[in-house]
Amino acid sequence: MLLLAICQLAFSAFAQNHPVSWEFSSKQTGPLTYEVKYQAEVKAPYHIYPQGRGGGMGMPTEFLFEPNDNVEFSSELLERGVEQHDGEHLSHYAKGVTFTHTLKLRSEKKTTLAFTIKYMACTNQMCLPPSKKQFTLELGSPAQNAVALKSDDPADLSRKGTISFQYEDFVMPDVEGKEISSKDITSKSKYTFIDFWASWCSPCRSQGRELIPIYQNYKPKGFDVIAISLDTDVKVWKKAIQADGYAWVNLSDLKGFDSALSKRYHITAIPRNLLIDQKGNIVAIDIHGKELEAKLAELFKI
């Protein structure tokens with residue numbers, strides 16, 4: 001096995017400073033009635049997604065409010081992007097967005113609103129792991145910078161310096177739940193492309209479609225693909241495979257970034273990929289499109 005050291009400079013920057021920051025405020029607009037705003041600022045080149053966004057491309061922003069006997073929500077949570085014009089629909093927010101709703105208190109007692117925000121930051125090339133953070137806001141308070149009470153955000157962890165690993169064979173279920181050994185594929189192929197992706201990752205889907213003609217061209221020459229999905233919903237995963245026409249082996253344990261395999265290869269953003277030879281030596285990492293095609297032409301001496 002060839003031990004490969006990969007530089008994580010591109011990912012250490014967002015590890016130290018997440019590209020999305022939050023600020024909250026509440027204003028009394030009537031007797032026991034408050035307008036609450038949740039403002040997200042997004043640093044270029046990242047973006048986040050609207051609530052309930054369909055199509056499987058980008059995980060929607062979601063607010064989860066803890067039960068409070070003194071709070072009654074009077075309106076839905078509306079949203080408006082910084083760059084959004086009246087009547088315009090945006091597929092994502094590249095500069096920032098404000099979510100607003102109205103709530104009413106049942107009594108005058110001091111009340112704290114507790115909530116969790118789940119969201120995902122992506123660029124046109126990759127997506128960070130989903131963020132899940134808990135916050136509190138005292139009603140009637142002026143603007144507050146967000147301080148998370150608890151974070152399950154892998155991107156908040158420090159990832160400095162160099163990470164080293166070597167390829168190891170693994171076993172994982174396919175779309176039918178059948179356990180598949182990677183060795184059964186890699187041992188029969190001259191080169192195998194191991195691709196980490198997810199149905200909600202727009203850059204992943206784009207690269208996956210680019211991979212199809214390359215796979216079809218080099219499959220007869222000894223090239224194969226193993227796609228490892230970081231999805232957690234089997235139906236959405238299968239729908240994406242069918243929609244994009246991925247004919248190669250598709251595997252997932254449906255544990256997302258918590259998958260043991262993801263942790264083994266330090267997958268802190270997707271898409272990520274490895275190109276290995278028949279002996280398990282890592283030939284290239286994070287290579288796709290024309291660059292991958294050129295590498296295969298070199299390896300197959302075309």
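Here the structure is shown first, and the text comes after it.
Structure report, in brief. None of the values given here were measured: they were computed from a predicted structure.

### A closer look at helix 3 (residues 202-218)
Moving on, step 1. End to end, helix 3 covers 25 Å across 17 residues, agreeing with the expected 24 Å (1.5 Å per residue, within 8%).
Moving on, step 2. Helix geometry: helix 3 is bent most strongly at leucine 211, by close to 30°, with proline proline 213 lying one to four residues after it.
Moving on, step 3. For helix 3, every residue scored as buried is listed here: Pro203, Cys204, Arg205, Gln207, Gly208, Leu211, Ile212, Ile214, Tyr215 and Tyr218.
Moving on, step 4. Elements in contact with the buried residues of helix 3: strand 15 (191-197), strand 16 (223-229), helix 4 (234-244) and helix 6 (289-299).

### A look at the nonpolar core
Moving on, step 1. Of all hydrophobic cores here, the largest spans 50 residues; its most connected members are Phe170, Ile194, Phe223, Ile228, Ile270, Leu275 and Leu296.
Moving on, step 2. Those elements that place two or more of their residues in this core are strand 15, helix 3, strand 16, helix 4, strand 18 (272-277), strand 19 (282-285) and helix 6.
Moving on, step 3. The leading source of residues in this core is helix 3, at 6 residues.
Moving on, step 4. Setting aside chain neighbours within four positions, we find leucine 275 in contact with Tyr191, Thr192, Phe193, Phe223, Asn281, Ile282, Val283, Ala284, Leu292, Lys295, Leu296 and Leu299.
Moving on, step 5. By size, the runner-up hydrophobic cluster in this structure holds 30 residues, among which are Tyr34, Ile48, Ala121 and Leu139.

Definitions and limits used
Once a new chain begins, its residue numbering starts again from 1 and follows that chain's sequence as written. Note on the predicted model: pLDDT of at least 70 is required for a residue's local features to be given, and 80 or more for side-chain atom pairs to be given and counted; whole-chain, interface and lining totals, by contrast, use all residues. Excluding hydrogens and water, the side-chain values take into account all heavy atoms of the structure. Put simply, DSSP H or I for four residues or longer makes a helix, DSSP E for two residues or longer makes a strand, and each gets a number counted from the N terminus. Helix span is expected to be 1.5 Å times the residue number reduced by one. Bend, at a single residue, is the angle you get between axes fitted to the 7 residues ending at that residue and the 7 residues starting at it. Here the term buried applies to any residue with accessible area under 20% of the maximum for its type, exposed to any over 50%, and partly exposed to those in between, with areas from a 1.4 Å probe on protein chains only. Contacts are residue-level and defined by heavy atoms, with any inter-residue pair within 4.5 Å sufficient. Nonpolar cores were defined as sets of buried Ala, Val, Leu, Ile, Met, Phe, Trp, Tyr and Cys residues, with membership established by side-chain atoms within 4.5 Å.

Honestly, it's all geometry; don't read function into it.
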